[in-house]
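Architecture and fold: a report
What follows is the residue order along each chain.
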Amino acid sequence: MREIQSSQITEVVAELCQCANYELPEDVVEALRRSREAATSQVARTVLDQLLENARLARDEHIPYCQDTGLAVVFVELGQDVHLVGEDIYTAINGGVRQGYEEGYLRPSVVADPLDRATNTGDNTPAIVHLRMVPGEEIKLHLAAKGGGSENMSALWMLTPTDGAEGIVEAIVGRIQEAGGKPCPPLILGVGLGGNFEKAALLAKEALLRPLGQPNDDPQLAELEQRILAAVNATGVGPMGLGGGETALAVHLLSYPCHLASLPVALNVQCHAARHQSVTI
Amino acid sequence: MPSESEARQIRLPLTADVIVQLRAGDSVRLSGAIYTARDAAHQRLISALEAGQQLPIDLAGSVIYYCGPTPAPSERVIGAAGPTTSSRMDTFAPRLYAAGVQATIGKGQRALQVRQACRKHGCLYLIATGGAGALLSLFITQAQVVGYADLGPEAIRKLTVAEFPVLVGYDAHGGSIFAGDEDLD
Ligand code: SF4
């Protein structure tokens, strides 16, 4: 049994919120660079140059990478031998989001009521927290500052089992074509396969946490990732929907067993502002 | 898109003779005053227009930027300030073009009715690079809240921009920069 003070979680989350918004992870920057070299039109090259310059400015001049500094999504792997002292874990995380967004001059982007939208919570809380118990006495926190524009283009389908891989590719390609430049391509696509209605969506989001371009461990699923990526890039949507380059930098897929009557498929669309940070306490 | 050197410099306000020369895909640098407004501000502007009430800004000849910036630290004019998805303002845009707005700035494709409205009223839809909030903020030299302050990041701000980089998305002749868009008519 290990004791961890809840204030430590608050501090760490505050730091992650700022870090995520000012420092685009190196794997994403690298993918943008590679994409810039592969671009075939001047407009695509210009857009990708702007994004690379934007990442540099965010880090060096300390300006948030994007004005949509995201909804804070926190995946927690809580060691079952941890005894948390102080506040409950949700309060501790939200305290960190509040502190991180305020001190970091990040935009409060949360309205208290989805219908009556008059009240902004003012501090970007509440965060979306996904908690999982794991063996051990550590706490692992992954934070994603997830933008609304790309999240809006996400989708979930309850396909027919016999639709198979082809049905999955078709659904995803259709959605990306429809989305065009709206979600700020080049994109990273999180795909959740199987489980049920809510599990598929969660898998899709979780898949985005993987280091960019790292394939699924299962060779068959890795092949499906490549197939989806090739099909999405064949749409010609391109950077900002202007063609001349890649629509997606990577496809990350996670799967889970499911009911014999179902084939749930979720697509979580991530823009180039793939702001993820992790830490282990 | 033409390289930087080929970008056309435009002083705001836009005039009809400049608008008519621009074509979808043209690279443009804007200098002058523009106003930010996004979802909530649009709803209020439209309600006020319908009710015949006075608006916080003069729409005639104006440029509307779909943007909700991050808070500015004391040493800066504004925080990150890139465009938001334009399609969410599609239902409002034709009404605002009819009321005198000359151009809107945002990101992504829009409904057909917006392209039609641009042609009908001789207006433009301009696009800025989505997600380049840090970079675009450097082209903003002044910012001031001028309406609906209670909306926080969604308040209307008057921005002074200097050589703000945009592309012509929809021109006044029905043309579109987006490959999938079919011809009007
Ligand atoms: S979709 Fe992403 S990059 Fe585009 S504005 Fe939203 S958060 Fe920023």
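Residues numbered from 1 in each chain as written. Chains lettered and ligands numbered in written order. Predicted model: local features only at pLDDT ≥ 70, side-chain atom pairs only at ≥ 80, totals over all residues. Heavy atoms only, no water.

Residue and element names in this part refer to chain B. Summed over all chains, the structure comprises four aromatic pairs over all chains. With a centroid separation of 5.4 Å and an interplanar angle of 70°, the aromatic rings of Tyr-65 and Phe-164 are classed as edge-to-face. Taken together, the residues Tyr-65 in strand E3 (residues 63-65) and Phe-164 in strand E7 (residues 156-170) connect sequence positions 99 residues apart. As far as burial versus exposure is concerned, Tyr-65 and Phe-164 are alike and both buried. Aromatic side chains Tyr-170 and Phe-178 sit 6.3 Å apart centroid to centroid with 80° between the ring planes, which places their arrangement in the edge-to-face category. Accessibility classification places Tyr-170 together with Phe-178 in one group, the buried group. One aromatic cluster in this structure is built from Tyr-65, Phe-139 and Phe-164. Geometry around Tyr-125 places Arg-110 over its ring, the cationic atom sitting 4.8 Å from the centre. (Phe/Tyr/Trp six-rings, centres within 6.5 Å; stacked < 30°, edge-to-face > 60°. Helix = DSSP H or I, 4+ residues; strand = E, 2+ residues; numbered from the N terminus. Buried < 20%, exposed > 50% of the residue type's maximum accessible area, 1.4 Å probe, protein only. Lys NZ or Arg CZ within 6 Å of the ring centre and 35° of its normal.)

A few words on the sheet that holds strand E5 (residues 139-146) of chain A. All names here are of chain A. Taken together, four strands build an open sheet; the order of strands is E4-E2-E5-E10 and the sheet is mixed. The open sheet has two edge strands, strand E4 (128-134) and strand E10 (275-280), and neither has a second partner. Averaged over neighbouring strand pairs, the angle between their axes works out to 15° when direction is ignored. Bridge count for E5 against E10 is six bridges, and the pairing is antiparallel. Counterpart to Ala-145 in the pairing with E10 is Arg-275. Sheet contacts for helix H1 (residues 6-22): E5 and E10; angle to E5, the most-contacted strand, approximately 35°. Each of strand E2 (71-79), E4 and E5 is contacted by helix H7 (residues 197-207), which is oriented at about 95° to E2, the strand it contacts most. (Pairing = 2+ DSSP bridges. Axes fitted to C-alpha atoms, helices over the stretch in contact; angles between N-to-C directions. Contact = heavy atoms within 4.5 Å.)

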